[in-house]
Amino acid sequence: MFDWNDLRFFLELQRSGRLLTAAQRLKTTHATVARHIEAIEKSLGTALFVQHAHGYELTPSGEALLKHAEAMENVALLAEDELTHTAAPLGKIRLGVAEGLGVMFLAGRMGGLFERYPGLEVELVAVPRFVSILNREAEISIHLERPSVDQLVTRKLTDYRLALYASRAYLDRHPPIEKREDLATHAWIDYVDDLLFSQELKLLSSFCRNPKVVFHSTSVIAQHHAARSGLGIAVLPCFMAASDPQLVPLLPGERIQRSYWISSRRELHKSVRLRVLWDYVVELCAREQKLLLGESN
């Protein structure tokens, strides 16, 4: 029988695809990870991974082991959650979220959660990409699109709106914008097209057929700062830009509505610490609907 501890190394290598990355996440060396993988392969009498130029991939035997290893991990996590909640503070929970919502909305509104649950520790992973629940990058994830994966519990978190913004300095230097047709002659700020992590971010075509883009960034926060500096017009979430005194909203009737979706793994959804954070975020977005929809001053 193999050592159960080896499964931690198996799961981390499967999720990261590289020995060095797995070692960094486990706070050990790549040689230690390799040694544990070799041990479990020897015990089972079969290869679990095949190495390619781009990293490690599971063999059919590895795929067969994966579902059992994940089930065992889930049981261990739920047991830990139940015991730590009974004997000590709630512990740590990780939330993955798109950068704009995480940095510009959630981060500054978490105080109420810790007032209710002072023993809770939240890790907010706010990045301009998808954060994978299935690969254990987070226990809860907020997406721009509804995930279509059976292993997840998913619900709509909230609708939100985006609008056009530019700085007063930019507007003073350029022709007035009174109707949609005026937008064609202006400079624009946008995402890096070939690095888009969601088609929901293809926004400019909703306003201008052939926009003259002068600045691209994968970060909506960078776009926000570029607009504030006077580089051009940006399509920004209202919750980010509406209260910024350096930005002027353009064409108030021209807005786009999108949605955020919140997900967790089905087998972990009853976890106490997960539900505490889940419910708080859902309640917060319901309470802040006017801001998210650009209806708040």
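The residue count restarts for each chain, going from 1 along the sequence in the order it is written. Local features in this predicted model are restricted to residues of pLDDT 70 or higher, and side-chain atom pairs are both shown and tallied only at a pLDDT of 80 or more, whereas totals for entire chains, interfaces and linings draw on every residue. Side-chain numbers here rest on the full set of heavy atoms in the structure, without hydrogens or water.

Per an unreviewed UniProt entry, the chain is named LysR family transcriptional regulator, and its organism is Pseudomonas quebecensis. UniProt positions are given in the numbering used here, feature names are shortened, and annotations may be inferred rather than shown by experiment. Recorded in UniProt under Sequence similarities (unreviewed entry), the annotation for the chain is "Belongs to the LysR transcriptional regulatory family."

**Let's talk about the overall build of the chain**
In this text, helices come from DSSP runs of H or I with a minimum length of four residues, and strands from runs of E with a minimum of two, each type numbered from the N-terminal end. Looking only at helices and strands, the chain has 11 helices and 10 strands in total. Viewed in the frame of its principal axes, the chain has a C-alpha envelope of about 75 × 45 × 30 Å. Looking at the 297 residues of the chain, the share that counts as buried comes to 47%. Between two residues, a contact is recorded if the distance between any of their heavy atoms is within 4.5 Å. At a minimum sequence separation of 6, the contacts of the chain that also span at least 24 residues come to 74%. The sign given to each residue is positive for Lys and Arg and negative for Asp and Glu; His and the chain ends receive no count. Charged groups are reduced to one reference atom each: NZ for lysine, CZ for arginine, CG for aspartic acid, CD for glutamic acid. Once the 35 positive and 36 negative side-chain charges of the chain are each reduced to a mean point, those two points are 2 Å apart. Accessibility here uses a 1.4 Å probe with only protein chains present; expressed as a share of the type maximum, an area under 20% marks a residue as buried, one over 50% as exposed, and anything in between as partly exposed.

**Considerations on the layout of surface pockets**
Points on a 1 Å grid over protein atoms alone make up a cavity when a 1.4 Å probe fits among them but cannot get out, and a pocket when they form an open set with protein on both sides within 12 Å along at least five of seven lines; lining residues each have an atom within 4 Å of a point. Grid points are joined across faces, edges and corners, and a volume is the space filled by probe spheres set on the points. The space that makes up the second largest pocket amounts to roughly 180 Å³. Taken together, Phe130, Val131, Ser132, Ile133, Leu134, His143, Glu145, Arg146, Pro147, Val149 and Leu152 make up the full set of residues lining the second largest pocket. Counted by class, the lining of the second largest pocket contains 7 nonpolar, 2 polar and 2 charged residues. We call Asp, Glu, Lys and Arg charged. Ala, Val, Leu, Ile, Met, Phe, Trp, Tyr, Cys and Pro are nonpolar, and the rest, Gly among them, are polar.

**Considerations on the pattern of salt bridges**
When a carboxyl oxygen of Asp or Glu is within 4 Å of a side-chain nitrogen of Lys or Arg, the pair counts as a salt bridge. Evaluated as defined, the whole model comprises 13 salt bridges. Linking Arg129 and Glu137 is a salt bridge whose minimum nitrogen-to-oxygen distance equals 3.3 Å. Looking at Arg129, the relative accessible area reads 37%, which means it is partly exposed. Salt bridges linked by common partners bring Lys92, Arg94 and Glu123 together as one network.

**Re the confidence of the model for the chain**
Confidence scores labelled pLDDT are given residue by residue by the predictor and lie between 0 and 100. Across the chain, the average pLDDT comes to 87, with 93% of residues at 70 or higher. When the elements of the chain are averaged for pLDDT, helix α4 (residues 60–87) gives the smallest value, 73, and helix α8 (residues 220–228) the largest, 96.

**Concerning the packing of aromatic side chains**
What counts as a ring pair is set by centres within 6.5 Å for rings of Phe, Tyr and Trp (its six-membered ring), and what kind of pair is set by the plane angle: stacked under 30 degrees, edge-to-face over 60, tilted for all other angles. By the definition in use, this model includes 5 aromatic pairs. Ring centres of Phe10 and Phe49 lie 5.5 Å apart, and the angle between their planes is 55°; this geometry places the pair in the tilted category. Taken together, the residues Phe10 in helix α1 (residues 6–16) and Phe49 in strand β1 (residues 49–52) connect sequence positions 39 residues apart. The exposure class of Phe10 is buried, given its relative accessible area of 0%.

**Some points on empty space enclosed by the protein**
Counting across every chain of the model gives 3 cavities of 30 Å³ or more. The computed volume of the largest cavity comes to approximately 200 Å³. Taken together, 21 residues line the largest cavity, and the ones lying closest to its centre are Gly100, Leu144, Tyr191, Leu201 and Val220. Looking at the lining of the largest cavity, the element that brings in the most residues is helix α5 (residues 99–106), giving 3 residues. Here the lining of the largest cavity is built from residues that sort into 16 nonpolar, 2 polar and 3 charged. In this structure, the second largest cavity encloses a volume near 50 Å³.

**Description of the environment of Pro176**
With respect to the helices and strands, Pro176 occurs in the loop between α7 (168–173) and β7 (187–190). Pro176 sits 10 residues away from His186 along the chain, and the two C-alpha atoms are 9.8 Å apart. In this structure, Pro176 is in contact with Asp182 and His186, ignoring residues within four places of it in sequence.

**Thoughts on the pairing of strand β6 (residues 152–167)**
Extensive coverage of β6 is indicated by the burial of 13 of its 16 residues. With 15 bridges connecting them, β6 and strand β10 (residues 247–265) associate as antiparallel partners. Each residue of the ladder has a partner; that of Val153, found in β10, is Ser264. As paired elements, β6 and strand β9 (residues 233–237) share 4 bridges and run antiparallel to each other. In the sheet register, Tyr165 faces β9, and the bridge partner there is Ala234. Strand pairing requires that DSSP identify at least two bridges connecting the strands.

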